[in-house]
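Coordinates in review
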Amino acid sequence: MSENTDPNPFANAATGDGTPNPATDEHSGHAPEAEAGHAAVDPRVAELEAEVATLRDKWVRAEAETQNVRNRAKREVEDARQYAVQKFAKDVVEAADNLKRAVASLPQPTEGEDSILTRMREGIESTERSFIGILERNGIKAEDAKGKPFDANLHQAMAEQHSDEHAHGTVMEAWTPAWTLHGRLLKPAMVVVSKGPAQAG
């Protein structure tokens, strides 16, 4: 019966000494090279993460651009809806100006006047009020310029006159109102503008 007389039971045939073999270390379970491999970042993973970040950025930009296109299209549709009738509206306000002139040309009421004249005046005035109301409900408005500062965006100066009662640049008289469609000018007011007091001497 033989007996193991090897003084170093850890001796390894490969190493020949008592140092435990790292490749077969029961306590570590794996080689140090394997641990280093787990700690290092896989280049392929880093590449995929960078690609995902790039695609996410492109997606966010595309979403923002899509929203901008939607908003722009919505504004264009709204503008088309509001201003498609602009040419027609210009003709309508011309009729409104003529109706106003017709009312202004009627003689002032007098005591004992003919009833036919009274009814005609009342009928034309009522028609004008109704017509103006219809225009306003559809976004067409008239603005009286008289007494206001001259505004080249709304007024067209037909004449300039000296005036002791009106400051320089004030509208002394408005022959027609300024007409707008949803805030956009349809027809400027025809006005007379003050040049201020005449210079003495």
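By convention here, each chain's residues receive numbers from 1 onward along its written sequence. This being a predicted model, a pLDDT of at least 70 is required before a residue's local features are given, and a value of 80 or more before pairs of side-chain atoms are given or counted; all residues contribute to the totals for chains, interfaces and linings. Each side-chain value is worked out from all heavy atoms of the structure, with water and hydrogens disregarded.

An unreviewed UniProt entry lists the protein chain under the name Protein GrpE, with Komagataeibacter europaeus NBRC 3261 given as the organism. The annotation that UniProt attaches to the protein chain under Subcellular location (unreviewed entry) is "Cytoplasm". UniProt positions are given in the numbering used here, feature names are shortened, and annotations may be inferred rather than shown by experiment. The Sequence similarities (unreviewed entry) comment attached to the protein chain in UniProt states, word for word, "Belongs to the GrpE family."

In this section: the sheet that holds strand 2 (residues 155-161). Strands pair, by our definition, only if DSSP identifies at least two bridges between them. What counts as a helix is a DSSP run of H or I of at least four residues, what counts as a strand is a run of E of at least two, and both are numbered from the N terminus. Judged by pairing direction, the sheet is mixed, and its 3 strands sit side by side in the order 2-6-3 without closing on themselves. Of all strands in the sheet, those with a lone pairing partner are strand 2 and strand 3 (171-174), marking the two edges. In this sheet, adjacent strand axes meet at a mean angle of 35° when their direction is disregarded. Where strand 3 and strand 6 (residues 189-194) come together, 3 bridges link them in antiparallel fashion. Bridge pairing in strand 6 links Val 171 to Val 193. Convention adopted: a line fitted to C-alpha atoms gives each axis, helices being fitted over their contacting stretch, and angles between N-to-C directions are expressed from 0 to 180 degrees.

Mean pLDDT for the protein chain: 82, with 79% of residues reaching 70 or above. Here helix 1 (residues 32-39) is the element of the protein chain with the lowest mean pLDDT, 49, and strand 6 is the one with the highest, 96. In predicted models, pLDDT denotes the confidence assigned by the predictor to each residue on a 0 to 100 scale. Contacts: residue pairs with any heavy atoms within 4.5 Å of one another. Overall, residues 10-16 carries pLDDT values under 50, and its contacts beyond four positions in sequence, including any with other chains, amount to 7 contacts.

Counting buried positions along strand 6 gives 6 out of 6 residues, so the element sits mostly inside the fold. For each residue, the accessible area found with a 1.4 Å probe, counting protein chains only, is set against the maximum for its type, and the residue is called buried under 20%, exposed over 50%, and partly exposed in between. The two faces of strand 6 match: Ala 189, Val 191 and Val 193 on one face and Met 190, Val 192 and Ser 194 on the other face are all buried. Pairing of strand 2 with strand 6 involves 6 bridges; the strand directions are parallel. Looking at the pairing, Gln 156 lines up with Met 190 of strand 6.

The next point concerns helix 4 (residues 115-137). An expected span of 1.5 Å times one less than the residue number is assigned to each helix. With 23 residues, helix 4 should cover 33 Å at 1.5 Å per step; its first-to-last C-alpha distance of 33 Å lies within 8% of that length. Taken together, the buried positions of helix 4 are occupied by Arg 121, Glu 128, Gly 133 and Leu 135. Summarising the contacts, the buried residues of helix 4 are in contact with helix 3 (86-105), strand 1 (140-143) and strand 4 (178-181). Polar contact criterion, stated in full: a pair of N or O atoms within 3.5 Å, where within protein one must be able to donate a hydrogen and the other to accept it, and residues adjacent in sequence count only if both atoms are side-chain atoms. For helix 4, the capping residue at the N-terminal end is Asp 114, with a side-chain oxygen 2.7 Å from the backbone nitrogen of Ile 116. Phi turns positive, to about 85°, at Gly 139, one or two residues after helix 4.

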